[in-house]
Amino acid sequence: MTISGKTAVVTGSNSGIGLGVARELARAGANVVLNSFTDRDEDHAIAAEMAKEFGVDVRYIQADMSKAEECRALIEKAGACDILVNNAGIQHVAPIEQFPTEKWDAIIAINLSSAFHTTAAALPIMRAAGWGRVVNIASAHGLTASPYKSAYVAAKHGIVGMTKSVALETAEEPITCNAVCPGYVLTPLVEAQIPDTMEKYNMGRDEVIKKVMLERQPSREFATVEQLGGTVNFLCSDAAAQITGTTISVDGGWTAL
Ligand code: NAD
């Protein structure tokens with residue numbers, strides 16, 4: 001079975017990894033629902049361009065993944081949901097005693113609770129269709145920790161745990177649930193940090209990337225959004241039908257250390 005004609009909902013997909021994953025799903029023939037909390041002309045333009053490029057149906061549905069009812073409404077509005085990629089995520093870095101409560105709440109809501117709500121809403125649709133794939137974009141921080149990222153690490157470990165529970169609840173059905181754990185990925189968000197870091201360390205671009213940013217990534221290479229899209233496509237393939245409740249690291253060796 002191919003994913004051609006299946007409907008994929010990717011949360012947080014107007015940029016970065018979500019957009020890259022959505023593009024690889026569309027390239028493989030899936031119809032795609034893009035999402036973010038904004039409702040700008042450019043969000044809808046991304047959908048129109050992707051539809052034209054890959055010859056599939058692409059819709060953009062605005063929904064704020066920090067709000068339970070909007071998470072569930074996203075799945076309802078999508079109508080179909082054969083593949084659910086829970087990708088929306090934010091970050092905040094601070095020592096725990098200075099970590100703003102509202103940042104903790106937002107990170108837990110967007111990076112963890114949104115996946116609970118979308119998965120709960122999507123499973124009945126997958127069951128009715130007789131097939132489903134849930135892929136949670138976790139992180140190397142779902143398996144290891146770093147200082148000053150308490151909320152992010154808690155949310156990402158949480159989503160790895162939830163992945164296992166959902167896999168067990170669907171184990172006897174043609175539905176799988178897995179987590180992909182990226183290391184450092186060169187998204188616009190990460191790219192934007194490079195100039196400041198170059199200035200701070202008085203280093204050139206390559207030196208900052210290899211010695212500062214990729215210090216924990218043994219390959220000293222960023223993972224790419226295309227590689228993550230390829231990993232998600234693999235998890236949606238027949239070859240992965242017995243892969244459920246596990247994590248796949250795309251981290252250049254980070255978690256082998
Ligand atoms: P990004 O900022 O480019 O993408 C985040 C996406 O989430 C955007 O589309 C944004 O609009 C969306 N989003 C944010 N708040 C939202 C909300 N309230 N409702 C709906 N959408 C919302 O960042 P990215 O690097 O592409 O991150 C995507 C995912 O990958 C995140 O879950 C992140 O934790 C994870 N991740 C990223 C890296 C990395 O190095 N870039 C590494 C490991 C894991």
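Residues numbered from 1 in each chain as written. Predicted model: local features only at pLDDT ≥ 70, side-chain atom pairs only at ≥ 80, totals over all residues. Heavy atoms only, no water.

## Observations concerning the pairing of strand 1 (residues 7-10)
What counts, and what does not: Each residue is placed in one exposure class: buried if its accessible area under a 1.4 Å probe, protein chains only, is under 20% of its type's maximum, exposed if it is over 50%, and partly exposed if it falls in between. A run of DSSP states H or I qualifies as a helix once it reaches four residues; a run of E qualifies as a strand once it reaches two. Both are numbered from the N-terminal end. For crossovers, right-handed means that the path from the first strand over the helix to the second runs clockwise, given strands pointing away from the viewer. Note on pairing: two strands pair once DSSP finds at least 2 bridges between them.
Burial along strand 1 is two-sided: T7 and V9 and A8 and V10, pointing in opposite directions, are all buried. Handedness of the crossover joining strand 1 and strand 2 (residues 31-36) through helix 1 (residues 16-27) is recorded here as right-handed. Sheet topology note: the strand 1/strand 4 (residues 83-86) ladder contains 3 bridges and is parallel. Considered in strand 4, the bridge of A8 is made with I83.

## A few points about the pairing of strand 2
Buried residues dominate strand 2, accounting for 5 of its 6 residues. As paired elements, strand 1 and strand 2 share 4 bridges and run parallel to each other. By the bridge assignment, V9 is partnered in strand 2 with V33. Across 5 bridges, strand 2 lies against strand 3 (residues 58-62) in parallel orientation. Across the sheet, the residue bridging to N35 is I61, located in strand 3. Handedness of the strand 2-helix 2 (residues 41-54)-strand 3 crossover: right-handed.

## Quick look at helix 4 (residues 101-129)
So the rule is basically this: A helix is expected to span 1.5 Å for every residue after the first. The seven residues ending at a residue and the seven starting there each receive a fitted axis; the angle between those axes is the bend at that residue.
Taking 1.5 Å as the rise per residue, helix 4 with 29 residues should run 42 Å; its terminal C-alpha atoms sit 41 Å apart, in good agreement. S113 marks the point of greatest bend in helix 4, at about 45°. Two residues or fewer past helix 4, G130 is found with a positive phi of approximately 75°.

## Description of the domain arrangement of the chain
Here is the rule: What counts as a domain boundary in this text is fixed by an automatic or database domain assignment. Contact between two residues is taken to exist if any of their heavy atoms lie within 4.5 Å; hydrogens are not considered. Reported buried area values correspond to the accessible surface (1.4 Å probe) lost by two parts on association, with both partners' losses combined. Here a salt bridge means any side-chain nitrogen of Lys or Arg lying within 4 Å of a carboxyl oxygen belonging to Asp or Glu. Polar contact is defined as a pair of N or O atoms within 3.5 Å, subject to the rule that within protein one atom must be able to donate a hydrogen and the other to accept it, and that residues adjacent in sequence are counted only when both atoms are side-chain atoms. Following the grouping adopted for this structure description, the nonpolar residues are Ala, Val, Leu, Ile, Met, Phe, Trp, Tyr, Cys and Pro, the charged ones are Asp, Glu, Lys and Arg, and the polar ones are all others, Gly among them.
The assigned domain composition of the chain is domain 1 (7-184 + 224-256) and domain 2 (186-222). For domain 1 versus domain 2, the distance between C-alpha centres works out to 25 Å. Tallying the contact residues gives 15 residues for domain 1 and 12 residues for domain 2. Carbon and sulfur atoms supply 54% of the area that domain 1 and domain 2 bury against each other, a total of about 970 Å² over both sides. Per-residue buried area on domain 1 facing domain 2 is highest for Y184, G252 and W254; these three make up 62% of the total on that side. The interface formed by domain 1 and domain 2 holds 0 salt bridges in total. The tally of links from domain 1 across to domain 2 stands at 4 residue pairs in polar contact (both at pLDDT 80 or more). Only helix 1 and helix 9 (225-235) provide two or more residues apiece to the side of domain 1 that touches domain 2. Per-class residue counts for the side of domain 1 that touches domain 2 are 5 nonpolar, 9 polar and 1 charged.

## Looking at the site of the ligand
The condition that has to hold: Consider each residue's heavy atoms; a residue with any of them within 4 Å of a molecule or strand counts as near.
For the ligand, the set of nearby residues contains 30 residues, the closest of which are N14, I17, S36, N87 and Y152. In this structure, I17 approaches the ligand through a main-chain N or O atom, which is 2.8 Å from an oxygen atom. At 2.9 Å, a side-chain N or O of K156 approaches an oxygen atom of the ligand. Secondary structure elements with two or more residues in the shell around the ligand: helix 1, strand 2, helix 5 (150-169) and helix 6 (188-191).

## Re the sheet that holds strand 3
Under the convention used in this document: Orientation is described by axes fitted as lines to C-alpha atoms, over the contacting stretch for helices, and by angles from 0 to 180 degrees between their N-to-C directions.
Strand order in this open sheet of 7 strands is 3-2-1-4-5-6-7, and the pairing throughout is parallel. On the outer flanks of this sheet lie strand 3 and strand 7 (247-250), each paired with one strand and no other. Each strand of the sheet is rotated relative to its neighbour by a mean of 20°, with strand direction disregarded. Set on the sheet, helix 3 (residues 68-78) makes contact with strand 1, strand 2, strand 3 and strand 4; between it and strand 3 the angle comes to about 155°.

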